[in-house]
Amino acid sequence: MEVPRLDHTLNSPTSPCEEVIKNLSLEAIQLCDRDGNKSQDSGIAEMEELPVPHNIKISNITCDSFKISWEMDSKSKDRITHYFIDLNKKENKNSNKFKHKDVPTKLVAKAVPLPMTVRGHWFLSPRTEYTVAVQTASKQVDGDYVVSEWSEIIEFCTADYSKVHLTQLLEKAEVISGRMLKFSVFYRNQHKEYFDYIREHHGNAMQPSVKDNSGSHGSPISGKLEGIFFSCSTEFNTGKPPQDSPYGRYRFEIAAEKLFNPNTNLYFGDFYCMYTAYHYVILVIAPVGSPGDEFCKLRLPQLNSKDNKFLTCAEEDGVLVYHHAQDVILEVIYTDPVDLSLGTVAEITGHQLMSLSTANAKKDPSCKTCNISVGR
């Protein structure tokens, strides 16, 4: 059973939490903090008789919900009418000290059979560490509450987006993908020193590395999937890769069929923007049966390589023909090593546009085009 919503509203007078409270006609109550401190008009009394929750267990964790249960002494158990749940984001030691602190979330629920489901995308974010503590309470005829002491504090972390959530992102990305343009090469820009290092220390083969934390906060590939980033976008008037790049003046180009062919699988990884009008779609190409392929099968929606809105490989007259979406910027991750001998490395003639870099870029949480209602 779901927990009734918040008893405390957030800073904004028009926050979703407040609207839910109004809609459910819940009475606002002021909870004591974890140390038992209360304001004089809190309407909460304290009695030893109510059992204190202990041995708290968190289970069935998703990106925006979890189940919680605990044990209680049988003494006065029948007097319990409500549970108070104190939920807080775990303090990040590396967080910006000038950023305002997240408002603690206090939940009040009727005493229902345990385990109990806590769900809410406006106060639970994906892949985020939280602390939780619980009180038992008994509502009196005059509206006051008798409460137990707080339980011990438990820590847990919410999950990544599931395939269901990623499919929602996929469907939103399809809406703006635009028409398909032909292309023939994948390319990767880096500094000259990068390619020199690959030749000297890795036997001429570019090695997969762990993806950074750019894009959606709940993306299951961030910080986990190993791969090599490639681009495939082309200029509309030439049909060739652009001469500018944010990643370096040297470019490795490789024929599309070397990376994307009937022996590879294609997966949708993410859809995001960085407070800009244009949007990015992350796709993953993995050789069939490779470790990257096995990773993606469990976590990402698989695309039909011949028929999708982003990147296609289809045979025409005995030749593989490739197309990419025009209206989104594709970031393609290839999950296996790639030998430089399979392509060419040359200096580009354009500029290095650092402002277009997506390295560790944070997604715009307010964009209605690329966000879904399960955190950001």
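Under an unreviewed UniProt entry, the protein has the name Phytanoyl-CoA hydroxylase-interacting protein-like isoform X1 and belongs to Vulpes vulpes. Taken directly from UniProt, the Function (unreviewed entry) text for the protein runs: "May play a role in the development of the central system." Turning to the protein, the UniProt record has this under Sequence similarities (unreviewed entry): "Belongs to the PHYHIP family."

Moving on to the sheet that holds strand β16 (residues 264–272). A sheet is described by the order of its strands in space; here six strands give the open sequence β13-β14-β21-β17-β16-β18, paired in mixed fashion. Each having just a single partner strand, β13 (209–210) and β18 (302–303) make up the two edges of the open sheet. Across two bridges, β16 lies against β18 in antiparallel orientation. Residue L266 lies in a different strand from β18, and its bridge partner there is L303. Lying on the sheet, helix α2 (residues 163–176) is in contact with β16, β17 (280–287) and β18; it crosses β16 at an angle near 80°. Helix α5 (residues 291–299) rests against β16 and β17 of the sheet, and its axis sits at about 55° to β16.

Along an α-helix, residues three or four apart share an orientation, since each turn contains 3.6 residues. Its 14 residues give α2 an end-to-end C-alpha distance of 20 Å, which sits within 8% of 20 Å, the value for a rise of 1.5 Å per residue. Buried within α2 we find H165, L166, L169, L170 and A173. One side of α2 holds all its buried residues, which, seen down the axis, span an arc of 145°. Opposite the packed face of α2, turned more than 90 degrees from it, sit the exposed residues V164 and V175. Buried residues along α2 sit in contact with β16, β17, α5 and β18. Following α2 by one or two positions, G178 adopts a phi angle in the positive range, close to 80°.

Moving on: the pattern of salt bridges. The full count for this structure, using the stated rule, is 10 salt bridges. Here K224 ties to D160 by a salt bridge, and the two come within 2.7 Å at their closest N and O atoms. Here the residue K224 occupies a position in the loop between β13 and β14 (226–230), and D160 occupies one in the loop between β9 (154–157) and α2, the gap between them amounting to 64 residues. The class of D160 is buried, set by a relative accessible area of 16%. Here D293 makes a salt bridge to K297, at a shortest N to O gap of 4.0 Å. Taken together, the residues span about one helical turn, with D293 and K297 both in helix α5 at a distance of four residues. Within the structure, one salt-bridge network assembled from shared partners comprises R127, D160 and K224.

Within the secondary structure layout, E193 lies in helix α3 (residues 192–201). A C-alpha to C-alpha distance of 9.9 Å links E193 and G248, two positions 55 residues apart in sequence.

What follows is about the packing of aromatic side chains. Taken as a whole, this structure holds 12 aromatic pairs when the rule is applied. Look at Y194 and F195: their rings are 5.1 Å apart centre to centre, the planes differ by 80°, and that puts the pair in the edge-to-face class. Aromatic rings pair up to connect F183, F186, F260 and Y322 into one cluster. It is R299 that lies over the ring of F295; its NZ or CZ is 4.0 Å from the centre.

A few words now on the side chain of T136. Along the chain, T136 falls in strand β7 (residues 129–139). Here P51 takes part through its backbone oxygen, which lies 2.7 Å from a polar atom of the side chain of T136. When near neighbours in sequence (up to four residues on either side) are disregarded, T136 contacts L50, P51, P53, M72, I80, H82, Y83, V146, V147 and S148.

In this structure, the amide linkage connecting L114 to the following residue, P115, adopts the cis form with an omega of 5°. The phi torsion at N60 lies on the positive side, around 50°, for a residue other than glycine. Turning to its location among the elements, N60 is positioned in the loop between β2 (54–59) and β3 (65–71). By relative accessible area, N60 is classed as exposed at 52%. Even without glycine at this site, D317 takes up a positive phi of about 55°. Secondary-structure assignment places D317 in the loop between β19 (311–316) and β20 (319–325). For D317, a relative accessible area of 84% corresponds to the exposed category.

With that settled, consider the nonpolar core. Core analysis: the largest hydrophobic core is formed by 56 residues, its most contacted members being F186, M206, F230, F268 and L311. No other element matches β17, which puts seven residues into this core. Those residues within four positions of M206 in sequence are excluded, and the remaining contacts are R188, Y194, F195, I198, I228, F230, F252, P337, V338 and L340. Judged by nonpolar contacts, the second largest core, of 22 residues, contains L107, M116, V118 and Y130.

Bringing the environment of A111 into the picture now. Here A111 lies in the loop between β5 (105–110) and β6 (116–119). In this structure the C-alpha to C-alpha distance between A111 and T136, which are 25 residues apart in sequence, comes to 8.4 Å. Residues contacting A111, with those up to four places away along its chain left out, are I80, T81, H82 and Y83.

Now for α5. By the burial criterion, the buried members of α5 are G292, D293, F295 and C296. Along the long axis of α5, the arc covered by the buried residues comes to 160°, so they all point the same way. Away from the buried face of α5 by more than 90 degrees, exposed residues P291 and L298 are located. Among the structural elements, β16 and β17 are those in contact with the buried residues of α5.

Procedures and definitions
- Residues numbered from 1 in each chain as written.
- Predicted model: local features only at pLDDT ≥ 70, side-chain atom pairs only at ≥ 80, totals over all residues.
- Heavy atoms only, no water.
- UniProt positions renumbered as here; feature names shortened; annotations may be inferred.
- Pairing = 2+ DSSP bridges.
- Helix = DSSP H or I, 4+ residues; strand = E, 2+ residues; numbered from the N terminus.
- Contact = heavy atoms within 4.5 Å.
- Axes fitted to C-alpha atoms, helices over the stretch in contact; angles between N-to-C directions.
- Expected span 1.5 Å × (residues − 1).
- Buried < 20%, exposed > 50% of the residue type's maximum accessible area, 1.4 Å probe, protein only.
- Arc of directions from axis to C-beta.
- Salt bridge = Lys/Arg side-chain N within 4 Å of Asp/Glu carboxyl O.
- Phe/Tyr/Trp six-rings, centres within 6.5 Å; stacked < 30°, edge-to-face > 60°.
- Lys NZ or Arg CZ within 6 Å of the ring centre and 35° of its normal.
- Polar contact = N/O pair within 3.5 Å; in protein donor to acceptor, adjacent residues only side chain to side chain.
- Core = buried A, V, L, I, M, F, W, Y, C linked by side-chain atoms within 4.5 Å.

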